Amino acid sequence: DGVVEPGQVNENLIDFTDFLPTLCEVADVTPHETFITDGISFLPQMVGQEYSPREWVFSHYDCGKTAYPKKRYVHNKEWKLYENGEIYHISEDPFENNTLGFNELEKEQKKLISTFQGVLNQMKIDE
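Structure report, in brief.

Conventions we followed
- Residues numbered from 1 in each chain as written.
- Predicted model: local features only at pLDDT ≥ 70, side-chain atom pairs only at ≥ 80, totals over all residues.
- Heavy atoms only, no water.
- Pairing = 2+ DSSP bridges.
- Helix = DSSP H or I, 4+ residues; strand = E, 2+ residues; numbered from the N terminus.
- Axes fitted to C-alpha atoms, helices over the stretch in contact; angles between N-to-C directions.
- Expected span 1.5 Å × (residues − 1).
- Buried < 20%, exposed > 50% of the residue type's maximum accessible area, 1.4 Å probe, protein only.
- Arc of directions from axis to C-beta.
- Contact = heavy atoms within 4.5 Å.
- Phe/Tyr/Trp six-rings, centres within 6.5 Å; stacked < 30°, edge-to-face > 60°.
- Lys NZ or Arg CZ within 6 Å of the ring centre and 35° of its normal.

Quick look at the sheet that holds strand 4 (residues 87-89) now. Strand order in the open sheet made by the 4 strands is 1-2-3-4, with antiparallel pairing throughout. For this open sheet the edge positions go to strand 1 (57-61) and strand 4, each flanked by a neighbour on one side alone. Neighbour-to-neighbour, the strand axes of this sheet turn through a mean angle of 20°, independent of strand direction. Where strand 3 (residues 79-82) and strand 4 come together, 3 bridges link them in antiparallel fashion.

Helical periodicity: at 3.6 residues per turn, an α-helix aligns residues three or four positions apart in one direction. In a regular helix each residue adds 1.5 Å, so 16 residues correspond to 22 Å; helix 3 (residues 107-122) covers 23 Å between its end C-alpha atoms and thus fits that length. Of the positions making up helix 3, those classed as buried are I113, F116, V119 and L120. What you see down the axis of helix 3 is that its buried residues fit within an arc of 105°, all on one side. Across helix 3 from its buried face, at more than 90 degrees, point the exposed residues K107, E108, K111 and Q122. Those residues of helix 3 that are buried are in contact with strand 1, strand 2 (71-75), strand 3 and strand 4.

Overall, the coordinates contain 4 aromatic pairs when judged by the stated rule. On the numbers, 5.2 Å between centres and 55° between planes, the contact of Y73 with Y82 is tilted. Y82 carries the same exposure label as Y73, and that label is buried. Between the aromatic rings of Y82 and Y88, the centroid separation amounts to 5.9 Å while the plane-to-plane angle is 85°, which identifies the pairing as edge-to-face. Each member of the pair, Y82 together with Y88, is buried. Within the aromatic cluster, the residues linked to one another by ring pairs are F16, F19 and F42. Geometry around Y73 places K80 over its ring, the cationic atom sitting 4.2 Å from the centre.

In structure tokens:
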């Protein structure tokens, strides 16, 4: 353990916010107590230790230009919920051509989308 084996391929979700906690763990540095992130170190999975992969990723995109409007969403490998309520089955519709209604979903899918909605509510920002 403790060595990253060459040639690894990992299918787990990893978000940009996971890099700082990972680098801090590699360097054995604890971020300042006021630093808040939802990032999770992925070092354990790289070195063969027990690891609980992410179940979802929260994204906030805002480049500040009107040509590219702000978007906030939560997704996993199969499903995506935008803050405006749009739902996509991205594993079957990667180009997001077919918006799905909540009532079109199966029970487990509704549960997942409700979890995603909770994340969006928790990550709300005052504008």
